[in-house]
Amino acid sequence: MTYILALDQGTTSSRAIVFDAQGRIVTTAQREFTQIFPKAGWVEHDPEEIWSTQIGVASEALARAGASAADIAGIGITNQRETTIVWDRRTGKPIANAIVWQDRRTAGICDRLRAAGHEPLFQAKTGLVIDAYFSGTKIKWLLDSVDGAREAAAAGHLACGTVDSWLVWKLTGGRQHITDVTNASRTLLYNIHTLAWDEELLDLLDVPPSLLPEVRPSSQVYATTSPDLFAAPIPIAGIAGDQQAALFGQICTRPGMVKNTYGTGCFILMNTGSEPIQSTNKLVTTIAWQIGDRVEYALEGSIFVAGAVVQWLRDGLGIIRQSAEVEALAAQVEDSHGVVLVPAFTGLGAPHWDAYARGTIVGLTRGSTSAHIARAALESIAYQSLDVVRAMEADSGLTTTQLRVDGGATVNNLLMQFQADMLGVDTIRPKIVETTALGAAYLAGLAVGYWSGEDELAALWQEDRVFHPTMDRDEADRLYRRWTRAVDRAREWEADA
């Protein structure tokens, strides 16, 4: 058995990557799937399309690698977190589309929970703030809004879960309804201290425990695939939400190490070791992973719109034809000429947590061009990341000495240099930037003995390029002050709509 197969189910596409024993990519396959926007602020996916694209790229990747199922030592799964699916155990069919993590339809439920004074309880038990981002209120909404769902749930006929649970259910032909601790920790329903679903929180959100998956460690042989999917059964041996998987793939295994993943959103995690740190700066405390009996924790800041702002330049404004063109367009100007873009298209995440903020462009003049707007869009990604890092340092008492970066947008050298300039620390891009899938592969490989341990994995990590800060600190501070003024103008835009 010579390879590990990683299934990377993301927000806009499903991917499969085959890795070898050196952690190198052998081959990859990817398919985009439909983004559904039924109403303003609503975002949905078709769970059946998620499954069909994911199993499709898995087969495609194996074929491209010239590998059979017998050549795969194990499967690791990583997934868009918080996206929520409810399905019927009897038929295996979803009762509705998946509600995506970006969706804001449950903001009102969150408002009522906060008004009732429940936020301290949720934060103490789950490490999370009450926000529509997380899964718990999505489950409640589906049970309350889909005809017959409450009755079917009461009868024990329904199952719910994040995308990892859905994929394992499908991969095993309905034999396994499980999740791992990282995904469970994103639901508002899981107590990250007792490592169990919390009855008090389930009652507050009116979620019957019979719906919920069994929670497992992140690295473990859970089951094998159904015999009808591949030529031979393959062990399913690793599960982690995408950001925790990226933290592991970046080998941020020591307290104080920080990574930032630039995908549809932008996600910064700091490993805090075996003890959770409760944030006082509106970050969330989350489980980083569990291997054996050892649980590690992280501080996280989640930014809703990062790479998605480039997609908006392409699809919404039409000023670029392909996302890769944004760097060349932005490089046509030396700076944004005072233009600041706050991409709060679905509200603001950490450290603001403003569901009613909306996208804003300020500083426009007659001299503003599409190049200035493109540059401001890229800069907004770095500014939002700086917001989170400053909050993270305040919570942890640690100073960030380097930032390990990954994800699609890290190929943009202009963005990476601006990130280093704003942070004032080295920003390091690894040779393998697909660290989300790599982390899932590592977790699966450890479970099946493909790799011996974390020391072997650390020896595989290699840097591709280091971006050193070059901007004068006074200038960086001036630009950041302008950013914070722009954010103030975007705040609470829809609060009285």
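Our structure is the block above this text.
All values derive from a computational prediction rather than experimental measurement. Position numbers for residues start from 1 in each chain and track the written sequence from start to end. Where totals are concerned, whole chains, interfaces and linings use all residues; where local detail is concerned, this predicted model gives features only for residues with pLDDT of at least 70, and gives and counts side-chain atom pairs only at 80 or more. Side-chain figures throughout are based on the complete set of non-hydrogen atoms in the structure, without hydrogens or water.

Caption draft 1: Quick peek at the overall build of the protein. Regarding its fold elements, the protein presents 16 helices and 23 strands. The size measure is the radius of gyration over C-alpha atoms, and the globule rule it meets is 2.2 Å times the number of residues to the 0.38 power. For 497 residues, the compact-globule estimate of 2.2 N^0.38 gives 23 Å, and the protein sits close to it at 22 Å. Its C-alpha atoms give the protein principal-axis dimensions of roughly 60 × 50 × 45 Å. With a 1.4 Å probe rolled over the protein chains alone, any residue whose accessible area is under 20% of its type maximum counts as buried; one over 50% counts as exposed, and the rest are partly exposed. In the protein, buried positions account for 60% of the 497 residues. In this analysis, two residues are considered to be in contact whenever any of their non-hydrogen atoms come within 4.5 Å of each other. Contacts in the protein between residues far apart in sequence, at least 24 positions, make up 73% of those at least 6 positions apart. All accessible areas in this document rest on Shrake-Rupley with a 1.4 Å probe, and a residue is counted as covered only by the protein chains that are shown. In the form shown here, the protein has an accessible surface area of approximately 18,000 Å², with 49% of it arising from carbon and sulfur atoms. Considering the protein, the positive charge centre built from 42 side chains and the negative charge centre built from 59 side chains are found 3 Å apart. Working definition: helices are DSSP H or I runs of at least four residues, strands are E runs of at least two. Numbering for both runs from the N terminus. Residues counted as positive are Lys and Arg, residues counted as negative are Asp and Glu, and His and the chain ends are not counted. In this description, the location of a charge corresponds to atom NZ of lysine, CZ of arginine, CG of aspartate or CD of glutamate.

Caption draft 2: Molecular detail of the environment of Gly256. Positionally, Gly256 belongs in the loop between helix H9 (242-249) and strand S15 (258-262). Relative accessible area serves as the criterion here: at 27%, Gly256 is assigned to the partly exposed category. Taking the C-alpha atoms as reference points, Gly256 and Thr11, 245 residues apart in sequence, are found 28 Å from one another. Not counting residues up to four positions away in its chain, the partners in contact with Gly256 are Met270, Asn271 and Leu398.

Caption draft 3: Quick look at the environment of Val326. Mapped onto the secondary structure, Val326 falls in helix H11 (residues 326-330). With a relative accessible area of 4%, Val326 lands in the buried category. Along the sequence, Val326 and Arg314 sit 12 residues apart, while their C-alpha atoms lie 8.7 Å from each other. Residues in contact with Val326, not counting those within four places in the same chain, are Val310, Leu313, Ile320, Ala374, Leu378 and Asn412.

Caption draft 4: Quick peek at the layout of surface pockets. Only protein atoms enter the 1 Å grid used here. Points where a 1.4 Å probe fits but cannot escape make up a cavity, open sets with protein on both sides within 12 Å along at least five of seven lines make up a pocket, and a residue lines them when an atom lies within 4 Å of a point. Grid points are joined across faces, edges and corners, and a volume is the space filled by probe spheres set on the points. Approximately 1,100 Å³ is the volume attributed to the largest pocket. Lining the largest pocket are 44 residues, and of these Tyr262, Gly263, Thr264, Gly408 and Ala409 lie nearest its centre. With 5 residues, helix H10 (residues 307-317) is the single largest residue contributor to the lining of the largest pocket. Considered class by class, the residues forming the lining of the largest pocket number 14 nonpolar, 20 polar and 10 charged. What the second largest pocket holds in volume is close to 470 Å³. In terms of residues, the lining of the second largest pocket owes the most to one element, H10, which gives 5 residues. Ten residue types, Ala, Val, Leu, Ile, Met, Phe, Trp, Tyr, Cys and Pro, are classed as nonpolar, four, Asp, Glu, Lys and Arg, as charged, and the remainder, Gly among them, as polar. Residues of the lining of the second largest pocket, tallied by class, amount to 8 nonpolar, 7 polar and 4 charged.

Caption draft 5: Here's a closer look at unusual backbone geometry. A cis amide bond links Ala350 with the next residue in sequence, Pro351, at an omega value of -5°. Residue placement: Pro351 occurs in the loop between strand S19 (340-342) and strand S20 (360-362). Unusually for a residue other than glycine, Asp206 sits at a positive phi of about 55°. Along the chain, Asp206 falls in the loop between helix H8 (199-205) and strand S12 (214-216). Residue classification places Asp206 among the partly exposed residues on the basis of a relative accessible area of 40%.

Caption draft 6: Representation of the packing of helix H2 (residues 107-115) against helix H4 (residues 135-145) within the structure. Lines fitted to C-alpha atoms define the axes, with helix axes restricted to the stretch in contact, and inter-axis angles between N-to-C directions lie between 0 and 180 degrees. As a packed pair, H2 and H4 sit with axes 10 Å apart at the nearest point and diverge in direction by 115°. On the basis of their axis angle, the class for H2 and H4 is roughly perpendicular. Helix-helix and strand crossings are classified by hand; for H2 and H4 the assignment is right-handed. For the pair H2 and H4, contact is made by Ile109, Cys110 and Leu113 and by Thr137, Lys140 and Trp141, respectively. Orientation labels follow simple angle bins: below 35 degrees gives roughly parallel, above 145 gives roughly antiparallel, 65 to 115 gives roughly perpendicular, and whatever is left gives oblique. Left-handed describes a crossing whose near helix is turned anticlockwise from the far helix by less than a right angle; the clockwise case is right-handed.

Caption draft 7: Broad picture of the side chain of Asp354. Mapped onto the fold, Asp354 is located in the loop between S19 and S20. Take Asp354: its relative accessible area is 5%, and that puts it in the buried class.

Caption draft 8: Local environment of the pattern of salt bridges. Salt bridges are defined as contacts in which a side-chain nitrogen from Lys or Arg sits within 4 Å of a carboxyl oxygen from Asp or Glu. Applying the stated criterion to the full structure yields 32 salt bridges. Its salt-bridge partner being Arg105, residue Glu44 comes within 2.9 Å of it at the nearest N-O pair. One end of the pair, Glu44, is in strand S4 (residues 44-45); the other, Arg105, is in the loop between strand S7 (98-99) and H2, with 61 residues separating them in the sequence. Pair check on accessibility: Glu44 and Arg105 agree, each one buried. Linked through salt bridges whose partners overlap, the residues forming this network are Arg81, Glu82, Arg186, Asp242 and Glu300.

Caption draft 9: The state of the cysteines, seen in detail. Cysteine sulfur atoms that pair up within 2.5 Å are treated as a disulfide. All chains considered together, the criterion is met by 0 disulfides. Of all cysteine sulfurs, the one in Cys160 lies closest to Cys110, which takes part in no disulfide; the gap is 16 Å. Sulfur of Cys252: no disulfide; nearest cysteine sulfur belongs to Cys266 and is 14 Å away. Residue classification places Cys252 among the buried positions, given a relative accessible area of 0%.

Caption draft 10: View of the packing of aromatic side chains. A pair of aromatic rings is counted whenever rings of Phe, Tyr or Trp (Trp by its six-membered ring) have centres within 6.5 Å, and the orientation is called stacked for planes under 30 degrees apart, edge-to-face for over 60 and tilted otherwise. What the rule picks out here adds up to 17 aromatic pairs. Judged by centre distance (5.4 Å) and plane angle (85°), the ring pair of Trp42 and Trp141 falls under edge-to-face. In this pair, Trp42 sits in the loop between strand S3 (25-32) and S4 while Trp141 sits in helix H4, placing the two residues 99 residues apart along the sequence. Judged by relative accessible area, Trp42 falls into the buried class, the value being 18%.

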